[in-house]
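Chains, contacts and geometry: an overview
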Amino acid sequence: METAPAPTPPRPRTALVFGVANDHSLAWYIARALAAEGVRVGLSYGDERLERRVRPLAATIDAPLVTRCDVTDEAALAETFAAADAALGPHIDILVHSLAFATREDLTGPFSQTSRAGFGLALDVSAYSLLALVRHAGARLGPGSSVLTLSYLGAERVVSGYKVMGPAKAALEACVRGLAEELGPRGVRVNAVSAGPVRTLAAAGIPGFRTLLECHAERAPLRRNVTAEEVASAACFLLSDKASAVTGQILHVDGGYNILGV
Ligand code: NAD
């Protein structure tokens, strides 16, 4: 009697996560949560000085890829995705963009004094790079793939101290919608988590960040700050099949702070 061939086990999901700087990074929390779900996670960091922090973290999740990539460098992007082919295979199920940058001068001076070059740099690194990642990922993103970025309330409202990052996040959120519309017919979803303030390296560069944290804890409907784990949980939801009909959305994970008026 012939026996039916054993069914092939499903291929493990793959993810490429950009923006890990250290063990406080939102990208790291997301990467770790994805790995805990059995996803094979490749990590990318932006600066060579971060390597000594990122490699030991990568080892704890058996990351098949750890690579440096400055997202403003087209050649580095091409190399990163070529390395991902070798390490993760031809499909990227999950693409995470968790990075931003503005110069210290443009975060500390008056908003109207933002330099033309600084404005361009902030928009390039923090918003355009999402398009660049998707462009370089190309056909590696297939039906069922999901893209996620990290935004902040400063995209929608004036947050004192956020300065040039406000327009950068507004542009990022518009990119989320534009990409969702373009990639939807291919079955690829694109979303953002708009996170409440969490202590990280990038957050330390925002003037008055401590006041922001205090304000959120005092006034948010949940009367507390959010944790990086909660941001990662929401990210994993958006990146999973549980959110299979959700695209082009900005999900606030901020204890409800964004709904407040006076
Ligand atoms: P983080 O400092 O850990 O991460 C920022 C990352 O951006 C770093 O890994 C840095 O290397 C990377 N980066 C900067 N320039 C780059 C470049 N040219 N190429 C490649 N990478 C580059 O801080 P984080 O708070 O985890 O920030 C991650 C994302 O979350 C950012 O988009 C940030 O705006 C967003 N966010 C943070 C908070 C918060 O309170 N921490 C709240 C809402 C949104």
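This is a predicted model, so every value here is computed, not measured. Numbering of residues begins from 1 in every chain and follows the order in which that chain's sequence is written. Residue-level local features of this predicted model are given only where pLDDT is at least 70; pairs of side-chain atoms are given and counted only at 80 or more, and the full residue set underlies all totals for whole chains, interfaces and linings. Where side-chain values are given, they derive from all heavy atoms of the structure, hydrogens and water being excluded.

Once that is clear, we can look at the overall build of the protein chain. Starting at the N terminus, helices and strands are each numbered in turn, a helix being any DSSP run of H or I of at least four residues and a strand any DSSP run of E of at least two. Along the backbone of the protein chain there are 9 helices and 7 strands. Each radius of gyration reported is based on C-alpha atoms, and the globular scaling rule is 2.2 Å times the count of residues to the power 0.38. Taken against the 2.2 N^0.38 rule, which gives 18 Å for 262 residues, the C-alpha radius of gyration of the protein chain at 19 Å falls within 12% of a compact globule. Reported as C-alpha extents along the three principal axes, the dimensions of the protein chain are approximately 80 × 40 × 35 Å. Relative accessibility under 20% of the residue-type maximum defines a buried residue, over 50% an exposed one, and the middle range a partly exposed one, all with a 1.4 Å probe and only protein chains included. The 262 residues of the protein chain split such that 52% are buried. Only heavy atoms enter the contact rule, under which two residues are in contact if any of them lie within 4.5 Å. Restricting to contacts in the protein chain with at least 6 residues of sequence separation, those with at least 24 account for 73%. Of the roughly 12,900 Å² that the protein chain leaves accessible, carbon and sulfur atoms contribute 56%. His residues and chain termini do not enter the charge count, which takes Lys and Arg as positive and Asp and Glu as negative. A single reference atom marks each charge: NZ on Lys, CZ on Arg, CG on Asp, CD on Glu. In the protein chain, the 25 positive side-chain charges and the 26 negative ones have mean positions that sit 5 Å from each other. The protein chains shown are the only cover counted for residues, whose accessible areas, like all others here, come from Shrake-Rupley with a 1.4 Å probe.

Take the site of the ligand next. Whether a residue is near a molecule or strand depends on its heavy atoms: it is near if one of them lies within 4 Å of it. Within the structure, the ligand sits among 28 residues, and Ser 25, Leu 26, Lys 169, Val 198 and Thr 200 are positioned closest to it. In protein, a polar contact means a hydrogen-donor-capable atom and an acceptor-capable atom, both N or O and within 3.5 Å, with residues adjacent in sequence counting only if both atoms are side-chain atoms; elsewhere, any N or O pair within 3.5 Å suffices. The contact in question runs from an oxygen atom of the ligand to an N or O atom on the backbone of Val 198, over 2.7 Å. For the ligand, whose free accessible area comes to 810 Å², the fraction covered by protein is 90%. Secondary structure elements with two or more residues in the shell around the ligand: strand S5 (146-151) and helix H7 (201-204). When residues in the shell around the ligand are grouped by element, the largest group, 3 residues, is from H7. In terms of residue class, the shell around the ligand is made up of 19 nonpolar, 7 polar and 2 charged. Three categories are distinguished: nonpolar for Ala, Val, Leu, Ile, Met, Phe, Trp, Tyr, Cys and Pro, charged for Asp, Glu, Lys and Arg, and polar for the others, with Gly belonging to the last.

Attention shifts here to helix H1 (residues 26-36). Quick reminder: α-helices carry 3.6 residues per turn. Residues three or four places apart thus point the same way. Among the residues making up H1, those that are buried are Leu 26, Ala 27, Trp 28, Tyr 29, Ile 30, Ala 31 and Leu 34. Positive backbone phi, at 90°, marks Gly 38, one or two positions downstream of H1.

On to the sheet that holds strand S7 (residues 250-253), then. Strand pairing is assigned whenever DSSP identifies at least 2 bridges connecting the two strands. Sheet architecture is open: 7 strands sit in the order S3-S2-S1-S4-S5-S6-S7, paired in parallel fashion. Among the strands making up the open sheet, the edge pair consists of strand S3 (66-68) and S7. Taken over all neighbouring pairs, the strand axes of this sheet differ in orientation by 20° on average, direction set aside. Bridging between strand S4 (residues 94-97) and S5 involves 4 bridges; their strand directions are parallel. Bridge pairing in S5 links Leu 95 to Val 147. Every angle, taken between N-to-C directions, lies between 0 and 180 degrees, and every axis is a line fitted to C-alpha atoms, over only the stretch in contact when it is a helix.

Below, the discussion takes up the nonpolar core. Nine residue types can take part in a nonpolar core, namely buried Ala, Val, Leu, Ile, Met, Phe, Trp, Tyr and Cys, and a core is a set of them joined through side-chain atoms within 4.5 Å. Residues Val 17, Ile 30, Leu 34, Val 41, Leu 43, Val 193 and Val 231 are the most contacted members of the largest nonpolar core, which totals 40 residues. Counting residues per element, the ones that place at least two in this core are strand S1 (14-18), H1, strand S2 (40-45), helix H2 (51-60), S4, S5, strand S6 (189-195) and helix H9 (228-239). Element by element, the count of residues in this core is highest for H9, at 8 residues. Ignoring anything within four residues of it in the chain, the contact list for Val 41 reads Ala 15, Val 17, Ala 31, Leu 34, Ala 35, Ile 61, Ala 63, Pro 64 and Leu 65. Listed in part, the 33 residues of the second largest apolar core include Phe 81, Ala 137, Leu 172 and Leu 179.

Here we take up the pattern of salt bridges. Oppositely charged side chains are able to pair whenever their charged atoms sit close together. Only one rule defines a salt bridge in this text: a Lys or Arg side-chain nitrogen within 4 Å of an Asp or Glu carboxyl oxygen. This model, assessed by the stated rule, comprises 8 salt bridges. As a salt-bridge pair, Arg 140 and Asp 85 come within 2.7 Å of each other at their nearest N and O atoms. You can see Arg 140 sitting in the loop between helix H5 (116-137) and S5 and its partner Asp 85 sitting in helix H3 (residues 74-88), a full 55 residues away along the chain. For Asp 85, a relative accessible area of 32% puts it in the partly exposed group.

Once that is clear, we can look at the pairing of S4. On S4, burial covers both faces: Ile 94 and Val 96 on one face and Leu 95 and His 97 on the other are all buried. Two elements, S1 and S4, share 4 bridges in a ladder whose sense is parallel. Among the inter-strand pairings, Val 17 is bridged to a residue of S4, identified as Val 96.

Before going further, it helps to examine the packing of H5 against helix H6 (residues 165-183). Running from N to C, H5 and H6 point in directions that differ by 15°, and their axes come no closer than 9 Å. Viewed along their axes, H5 and H6 adopt a mutual orientation that is roughly parallel. Crossing geometry of H5 relative to H6 is assigned as right-handed. Judged by residue contacts, Phe 119, Ala 122, Leu 123, Ser 126, Ala 127, Leu 130, Leu 131 and Val 134 of H5 engage Met 165, Pro 167, Ala 168, Ala 171, Leu 172, Cys 175, Val 176, Leu 179 and Leu 183 from H6. Across the contact of H5 with H6, the residue classes break down as 16 nonpolar, 1 polar and no charged. If an angle is under 35 degrees, it is roughly parallel; if it is over 145, roughly antiparallel; if it lies from 65 to 115, roughly perpendicular; otherwise it is oblique. Each crossing is labelled by how the near helix is turned from the far one, with a counterclockwise turn of less than a right angle marking it left-handed and a clockwise turn marking it right-handed.

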